[in-house]
Structure formats: structure tokens, C-alpha cells
Amino acid sequence: MSKEVAKTNRDMLMLKEDQAPKVGASLSQSKRRNISIVGIKPIIPDLNVKPCSDSDEEEKGEITKAFQNFAGLKSHDACYVDHKILYELEVEIIARLPCFEYWKLQFLNKKFLELLKSCEIFRVRQERGLVNPYVILHSGAESNWEMFDKDFKTFRRLPKVPSSDYCFFFSDKETISVGIQMDGIGNPIVVQTVEKYNADIKSWTMINGMHKARKFSSGYFLRGKFYVLGGRDENDKHLTCGESYDEATNSWELIPDMLKDMIFIMPSQSPPLIAVVDENLYMLETSLNELRVYDINTNSWKKLGVVPVSANAAFGWGIAFKSMGDRLLVVGTSHSWHRTTKVYSCCPSPDVEEQHWEVLKYWCAGAELPQFIHNCSVMFA
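Let me sum up the structure you'll find in this document.

The rules behind the values
Residues numbered from 1 in each chain as written. Predicted model: local features only at pLDDT ≥ 70, side-chain atom pairs only at ≥ 80, totals over all residues. Heavy atoms only, no water. Salt bridge = Lys/Arg side-chain N within 4 Å of Asp/Glu carboxyl O. Buried < 20%, exposed > 50% of the residue type's maximum accessible area, 1.4 Å probe, protein only. Helix = DSSP H or I, 4+ residues; strand = E, 2+ residues; numbered from the N terminus. Arc of directions from axis to C-beta. Contact = heavy atoms within 4.5 Å. Patch = residues over 30% accessible without salt bridge, like charges linked within 9 Å, V, L, I, M, F, W, Y side chains within 5 Å. Areas by Shrake-Rupley, 256 points an atom, 1.4 Å probe, with all protein chains shown as cover. Polar contact = N/O pair within 3.5 Å; in protein donor to acceptor, adjacent residues only side chain to side chain. Core = buried A, V, L, I, M, F, W, Y, C linked by side-chain atoms within 4.5 Å. Pairing = 2+ DSSP bridges. Axes fitted to C-alpha atoms, helices over the stretch in contact; angles between N-to-C directions.

1. Observations concerning the pattern of salt bridges
Link 1 in the chain: Per the counting criterion, the structure on display carries 15 salt bridges.
Link 2 in the chain: Arg 232 is the salt-bridge partner of Asp 236, the closest N and O atoms lying 3.2 Å from each other.
Link 3 in the chain: Judged by relative accessible area, which is 34%, Asp 236 ranks as partly exposed.
Link 4 in the chain: Between Glu 290 and Arg 292 there is a salt bridge, with its nearest N and O atoms 3.1 Å apart.
Link 5 in the chain: Its relative accessible area of 15% is what places Glu 290 among the buried residues.
Link 6 in the chain: Take Arg 292: its relative accessible area is 5%, and that puts it in the buried class.
Link 7 in the chain: Overlapping salt bridges bring together Glu 92, Arg 96, Glu 120, Arg 123, Glu 127 and Arg 128 as one network.

Okay, here's the thing in C-alpha cells:
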């Protein structure tokens, strides 16, 4: 193969992020557009039928021929076209499409369906620095989870959870994101044992137990350690202590009085609403609607002003408070008499006494936020 052809092949694999299609206002309002991949004529699938079972061999031949024409290869250079290169090129292109478009791949053919299931696309997005935050909300026992982009301009309803467990749907539960996998954990009980989850092999491993048994606690990673904060003991009494886990020594360190200044209004108060941004731990103090930041050196909290949601209306329940990259995200009812649910975000700073909260002004059509948020998780994919 000539140097010119080799250079062409390399240039084809070096795609820029700004070449990716942009997400529209919503899936229901987005304009229909055709996407050509390596000069192949796009085929509009019938979404009412199951994924087609076209011949892989015929498809490979068409893609190979199109790739040769695009790359300027002649017939005697065909032996140099590697199907692995074609596959890698497809993955590189698809990785630059918005995640909200990926569900359509299952209707093209079996190969793209298997590609979608393999998570190879998301691995490439991670390696190329193409990951974006997505907010996943659950607003009720009978409703689906909904996934929004970071600007809440596009959304998609996720499939229903395949479970008939009454306790899972109607009791308190937590949703956590591990890579591109979202896990729901329900039916909280007082426990002292701890398990660690490995997302790669999808298995749990028992580690050493905590010093205090607790339920309704909150957990977070901070400066290389995992922390557990607050909760209630076996007598339903609120705990003000925290604990930090060191994976290197497989041991827990008890941290007394982490929540000594927190006001507990009701026994049924929500777990601590906490989030980590730029290696700083923030908490929404629900009784006073205040934002606070933790000083790990003095084991104390600094006040950072009022949060523009009524977190005290339901004693901390029904509020989403999460970190999203370098920003804090809060979803809840506003202080106005209209009691409408709004989305706010800010770039927090421990050195500023009053944070600048920005309200979301534009909302994707077809989606409504309820006054009570049951679950919220932020996924980077």
C-alpha cells in the first residue's frame, strides 16, 4: 500500500469531536436527518419490525467496496482492506453520535445490535474523552425512569424495571451509576456489613464491617477514600458520626460528630443530601435550606448561603442534590407560592459565602417534573 493511501486511512480514523451531530430540542421535535457512514447510502429502518437478519457477508462486501472507493483503493489493493479496520472505523464514528441516538442501532442489523450490547462504543467514548453527564430521574412508583442531557433539552424514557417486588417500588431506594450501568438498591435495613461491587465482572465482595450499624445513611468518595455519613441506628436514633474506608488496609476509621451541627426535625428525616465537587464535600442542610462545605481538617461545616429550593417542605425527601462534573445540581420545588419544580445549578466555591445559582430556563418538550423526586442519579457515558 502506498504512503498516500496509508495516510488517507489514518486521517479517516482521526475524527474530531465537533464533527458529531448536535442534539436537538427533544426527540419528539428533532428534525429527521440522514447520517452517511463511509459513503454508504443510509437505509431508513421500519421501527415496527424486529431487527433484520440480513447477510453479514453481503454487508461486509458492500462496506469493503465503499471503503475502497472512499479511500481511493484500486481492485488490486483489496487484499489490504482489513475488516478489523472497518469495524474500528464504525465504532469511532458511532462513538461521536449522541447517546440518545444509540437505541436506533438495534434496528439496523444484528451486527450493530451486538455492538450496542458489547459496550465497546462507551469504552471508546471514555478513552477519547467524549463522555457527557446524563441525569436520570424517577418520579414515582408506577412511572419510568427518564434520562436527560446535562442541559435538560433532550430526554428519553427508559424501559421499566423488570421486577414485581412491592418493597422495591414502594419503599425508599437508592440509584447509583457505575460506569454505564445503573443499579437500584431498595428495602433499607440496619446493617453493619459492607460489600464492594465490581462492575466489570458484575459481582459483590464482602469487606470488613463498619464500626456502627446504620440505615438511611449516605456514601461518597473523597480523596481516595470511601465515606459513610449519618443514618439511623437499630433504635431509629439519628447518628451524627461518619466513617472512612481505606481500601489499602481494608479498615474503617470512625469520625465522631461529623453532623453535630445538623438539625434533626423529624425522626423520619431524609438521609444527608451530599455531593462532591473538586474534592470538596457539600451538603444541603434541609431544615434551613442551606448549602454547606466540609472542612476535613477541622471536622466542621462552613455555611455557603441559601439554596433556592424548599428542601424543608418534606424534611429533605423529594429533592435531588447531585454533583455533575464541576457543578452542583439541585432539583426541587421553588420558594415561590406556585410551588413549581425547577432545576438549578452552580459552580460552587468554598471561599464564597453566597453561591450563584442558575435556574434552567429552557425545558425539553414532552417532559414534566413532578413536585416530588423519588430518585436521581448522574451517569457519565
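2. Looking at helix α5 (residues 120-127)
Link 1 in the chain: Every buried residue of α5 is listed here: Ile 121, Phe 122, Val 124 and Arg 125. Angularly, the buried residues of α5 cover 160° about the axis, an arc narrow enough to put them on a single face.
Link 2 in the chain: Along its buried surface, α5 packs onto α3 (83-94), α4 (110-118) and β1 (133-138).

3. Quick word on a nonpolar patch on the surface
Link 1 in the chain: Judged by side-chain polarity, Ile 263, Ile 265, Met 266 and Leu 288 come together as a nonpolar surface patch covering roughly 320 Å² of accessible area.
Link 2 in the chain: Topologically, Leu 288 is positioned in the loop between β13 (280-285) and β14 (290-295).
Link 3 in the chain: Overall, Leu 288 belongs to the partly exposed group, its relative accessible area being 39%.

4. Describing α4
Given 3.6 residues to a turn, an α-helix orients residues that are three or four positions apart in the same direction.
Link 1 in the chain: Along α4, the residues that are buried comprise Phe 112, Leu 113 and Leu 115. Each buried residue of α4 lies within a common arc of 160° when the element is viewed along its axis, so the set occupies one face.
Link 2 in the chain: Structurally, the start of α4 carries an N-cap: the backbone nitrogen of Lys 111 is 3.1 Å from a side-chain oxygen of Asn 109.
Link 3 in the chain: One or two positions beyond α4, positive phi appears at Cys 119, with a value near 65°.

5. Points about the nonpolar core
Link 1 in the chain: If you look at the biggest cluster of nonpolar residues, it comprises 20 residues, and the most contacted ones within it are Ile 94, Tyr 102 and Ile 121.
Link 2 in the chain: Looking at this core, the elements that each hand over two or more residues are α3, α4, α5, β1 and β2 (145-149).
Link 3 in the chain: Element by element, the count of residues in this core is highest for α5, at 3 residues.
Link 4 in the chain: One finds Leu 273, Tyr 282, Leu 291 and Val 293 within the second-largest nonpolar core, a separate group that totals 18 residues.

6. Some remarks on the sheet that holds strand β3 (residues 155-157)
Link 1 in the chain: Taken together, the 4 strands give an open sheet; going across it, the order is β3-β2-β1-β20, and neighbouring strands pair in antiparallel fashion. Each edge of the sheet is formed by a strand with only one pairing partner; in this case those strands are β3 and β20 (375-380). The mean angle between the axes of side-by-side strands here comes to 20°, regardless of whether they run parallel or antiparallel.
Link 2 in the chain: Strand direction decides the pairing type here: β1 and β20, joined by 6 bridges, are antiparallel. Across the sheet, residue Leu 137 finds its bridge partner in β20, namely Cys 376.

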